[in-house]
Amino acid sequence: MDSSLFVLLSILIFVAANMPCFAAVQDDPTSRIMQDFSGYPEEEHFHGLLDSETFFVDKESLEHQIDELSSFSDSPPPSVTRILYSMNDVLARRYVKSLMEGAGLRVREDAVGNIFGRWEGSNPELSAVATGSHIDAIPYAGKFDGVVGVLGAIEAINVLRRLAFKPKRSLEVIMFTSEEPTRFGIGCLGSRLLAGSATLAETLKGLVDNQNMSFEEAAKTAGYTGSLKHLDSVSLPKGAYFGFVELHIEQGPLLEEEGIPIGIVTAIAAPASIKVDFKGNGGHAGAVLMPDRSDAGLAAAELALAVERHVLESGSVDSVGTTGLT
């Protein structure tokens, strides 16, 4: 894994954490940001630290942590399967919290299991800068998806601490609950509740998984008792964070094919899905002739081809349409 990714995240957190209010700064902020907003008395002091032996990413430790976290899985390596509120999800959460505490962060959890590790800034009344991702994994996933954004963020905090950096704004690492829709069919569950989704909060009250276990029962098995009663406490007030930055693996081939180590996201996908049920009539494979057949599989295939054709004819290189069977 390229350690420059984590150095980049460290610098992004540093810049965001000490971003001046542009309306209040009359001169060029680049000439003052280190001295006035970093907590250092002199700009040169921080630049000296960047060249010192303290400015490094502990690559071996980080790789060990990623491997250790991948061991909490319902499927054998190298795959990772970690479903919301399962035993391995609970064990993985404990591991992440221990790493946060080891980095000197103040750890808390909300009613649905979003986990926060905060490094208090010198001006804690200012809105914090946040970073993080998720650690739940769809069946037979890889070990980096989401995990890099959580463990990489903790290591970024460690980098800044080794530099004796003192943030003005508080820095907060977030592990979002249930980014994947595997268990209850709802993606970005934790982050949407943080954003105050009243619709989702209402939906959770009647939600069950494929074993007919309710969301509240599943949350209780993971230690989150009374999660539905305390959903109102999950949502964050407007302006709770000054900014958010996430480190994530590339989930397509473009950067890799072009040999580019780092990409800056300028837009994100806005996925939407629809479930369609096809009903047909069973009939003997040979004796029921084509005019009398009603094959659900063929109807589904026609819809799949129509979706593909529509996307390809749209002229958009970034649009994707895909179908699957359940």
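Read on for an overview of the structure.

Criteria and thresholds
- Residues numbered from 1 in each chain as written.
- Predicted model: local features only at pLDDT ≥ 70, side-chain atom pairs only at ≥ 80, totals over all residues.
- Heavy atoms only, no water.
- Axes fitted to C-alpha atoms, helices over the stretch in contact; angles between N-to-C directions.
- Helix = DSSP H or I, 4+ residues; strand = E, 2+ residues; numbered from the N terminus.
- Parallel < 35°, antiparallel > 145°, perpendicular 65-115°, else oblique.
- Left-handed = near helix turned anticlockwise from the far one by under 90°.
- Contact = heavy atoms within 4.5 Å.
- Nonpolar A, V, L, I, M, F, W, Y, C, P; charged D, E, K, R; others polar.
- Patch = residues over 30% accessible without salt bridge, like charges linked within 9 Å, V, L, I, M, F, W, Y side chains within 5 Å.
- Areas by Shrake-Rupley, 256 points an atom, 1.4 Å probe, with all protein chains shown as cover.
- Salt bridge = Lys/Arg side-chain N within 4 Å of Asp/Glu carboxyl O.
- Buried < 20%, exposed > 50% of the residue type's maximum accessible area, 1.4 Å probe, protein only.

A few points about the packing of helix α4 (residues 59-70) against helix α5 (residues 87-102)
Contact geometry for α4 and α5: axes closest at 10 Å, N-to-C directions at 155°. Comparing the axis directions of α4 and α5 gives the class roughly antiparallel. Our pair here, α4 against α5, has a crossing hand that is right-handed. Within the contact between the two elements, α4 uses Gln 65, Glu 68 and Leu 69 and α5 uses Ala 92, Tyr 95, Val 96 and Leu 99. Classifying every residue of the contact of α4 with α5 by side-chain character gives five nonpolar, one polar and one charged.

Digging into the packing of α5 against helix α6 (residues 147-162)
At a closest axis distance of 9 Å, the pairing of α5 and α6 adopts a crossing angle of 15°. If you check the angle between α5 and α6, you find them roughly parallel. For the pair α5 and α6, the crossing hand works out as left-handed. In this structure, α5 uses Val 96, Leu 99 and Met 100 to contact α6, whose residues at the interface are Val 150, Leu 151 and Ile 154. For the contact of α5 with α6, a count of residues per class yields six nonpolar, no polar and no charged.

Brief notes about a nonpolar patch on the surface
Taken together, the side chains of Ile 274, Val 276, Phe 278 and Leu 303 make up a nonpolar region of the molecular surface, amounting to roughly 370 Å² of accessible area. Structurally, Val 276 is set in the loop between α10 (254-258) and α11 (296-313). What makes Val 276 partly exposed here is its relative accessible area of 40%.

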